[in-house]
Amino acid sequence: MAAEGKVTGQSQEQFLLLAKAARGAALASLIHQVLEAPGIYVFGELLDMPAVRELADSEFSPVFRLLTIFAYGTYADYLAEAANLPPLTEAQKNKLRHLSVVTLAAKIKVVVLFFPKFSFCWDYLMLVTVVVPQCIPYSVLLEQLQLKNVRQLEDLVIEAVYADVLRGSLDQRNQRLEVDYSIGRDIRREELSTITRTLQEWCQGCEVVLSGIEEQVSRANQHKEQQLALKQQIESEVANLKKTIKVTTAAAAAATSQDPEQHLTELREPAPGTNQRQTSKKTSKAKGLRGSAKIWSKSN
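Rules used throughout
Residues numbered from 1 in each chain as written. Predicted model: local features only at pLDDT ≥ 70, side-chain atom pairs only at ≥ 80, totals over all residues. Heavy atoms only, no water. Helix = DSSP H or I, 4+ residues; strand = E, 2+ residues; numbered from the N terminus. Buried < 20%, exposed > 50% of the residue type's maximum accessible area, 1.4 Å probe, protein only. Polar contact = N/O pair within 3.5 Å; in protein donor to acceptor, adjacent residues only side chain to side chain. Pairing = 2+ DSSP bridges. Axes fitted to C-alpha atoms, helices over the stretch in contact; angles between N-to-C directions. Contact = heavy atoms within 4.5 Å. Core = buried A, V, L, I, M, F, W, Y, C linked by side-chain atoms within 4.5 Å. Domains from an automatic or database assignment. Parallel < 35°, antiparallel > 145°, perpendicular 65-115°, else oblique. Nonpolar A, V, L, I, M, F, W, Y, C, P; charged D, E, K, R; others polar.

> Whenever I open this one, the environment of S58 confuses me. Can you help?
Along the chain, the position of S58 falls in the loop between α4 (50–53) and α5 (61–72). Judged by its relative accessible area of 28%, S58 is partly exposed. The sequence separation of S58 and G24 amounts to 34 residues, and the corresponding C-alpha distance is 8.4 Å. In terms of polar contacts, S58 uses its side chain to reach the backbone carbonyl oxygen of L55, at 2.9 Å.

> What am I meant to see in the sheet that holds strand β4 (residues 166–171) here?
A sheet is described by the order of its strands in space; here three strands give the open sequence β3-β5-β4, paired in antiparallel fashion. Each edge of the sheet is formed by a strand with only one pairing partner; in this case those strands are β3 (134–137) and β4. Strand after strand, the sheet turns through a mean of 25° between neighbouring axes, direction not considered. Taken together, the four bridges between β3 and strand β5 (residues 176–182) define a ladder with antiparallel strand orientation. Residue pairing for β5: I136 is matched across the bridge by L177. Most of the contacts of helix α8 (residues 138–145) go to β3, to which it runs at about 65°, and overall it touches β3, β4 and β5.

> Looking at this structure, how should I read the pairing of β4?
Across a regular strand the side chains alternate sides, sitting on one face of the sheet and then on the other. The pairing of β4 with β5 spans six bridges and is classified as antiparallel. Bridge pairing in β5 links D171 to R176. Turn length for the β4-β5 hairpin, with the two strands adjacent in sequence and antiparallel, is four residues, and the turn residue Q175 shows positive phi of about 55°.

> How should the nonpolar core be read in this particular structure?
What tends to happen in soluble globular proteins is that the nonpolar side chains get buried as a cluster. Among the nonpolar cores identified, the biggest contains 51 residues, and L27, I31, F43, L46 and L141 are the most heavily contacted of them. Both domain 1 (1–72) and domain 2 (90–114 + 126–186) contribute no fewer than three residues apiece to this core.

> What is the right way to read the packing of helix α7 (residues 90–107) against helix α9 (residues 150–162) from this model?
When two helices pack together, their arrangement is given by the angle between the helix axes and by the axis-to-axis distance. It is the contact of α7 with α9, at a shortest axis distance of 10 Å, that shows an interaxial angle of 80°. Our classification of the angle between α7 and α9 gives roughly perpendicular. Each of N94, R97 and H98 in α7 lies in contact with α9, whose residues at this interface are L156, E159 and A160. Of the residues that constitute the contact of α7 with α9, the class distribution is two nonpolar, two polar and two charged.

> How do you make sense of unusual backbone geometry when you look at a structure like this?
Negative phi characterises most residues that are not glycine, and trans characterises most peptide bonds. At D164, a residue that is not glycine, the phi angle is positive and equals roughly 60°. Note that D164 resides in the loop between α9 and β4. For D164, a relative accessible area of 22% gives the class partly exposed. Positioned with a positive phi, Q175 is a non-glycine residue whose angle comes to about 55°.

Structural data, given as structure tokens:
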């Protein structure tokens, strides 16, 4: 695709160089060649040339009008004025249909959804962006492009994809074309104000998203500071408890004139005679019970 685009750019430059020296019928013939040349879908530079503009007031005005339709219009526009315009070759028809699909895709509003998602567990902010593709029904395409059946339509779309005019997929189940990307077309001077307004609205939307992100970051920083303060407080309390236990143990050991470690060991383990006394008590109790059982049986 990159190599093809480079070759297309070189051929377009060659046509522009030839157009500078051409006049009248030669220039009209050159315009027909440009409209038929594969890979050339932008005609603004050619339209801005003084020699081309002079055709609008000459006998070749239909050629100039045809060039403006290729630059700004659609196949439906050509059909509306076909009686006053030169006939199109099959290659020119397909190119104008490709440009018409681009125009239809541009008219459908692209929905971009931003989902700020924040996680306190990992201390990061994630912005999920979902772009909803433009979907053009087959019925609209068949009507606008004046094609007889779906097979012709799908062949035309595949040809446009290979020409890198658009990228997308054919949804045969739902009978629609999903466009993910399309080339830009030439812009009329009167459309610049609309583009400026659209860009301003986009900038305002970006500012809203940016303010939302900054708010989430501020909350994340506050949460992080609170967690760090809580961690330091717990560590400080644990250290104080350790010091208190150590001081208490040392004081108790000093009072009994023993080693602190030995004193701790004695506190944890019972005295040696305690278990012996408890065992003897249990044994004597069991013997007493057995003796009383024997006496009761004799009396019976």
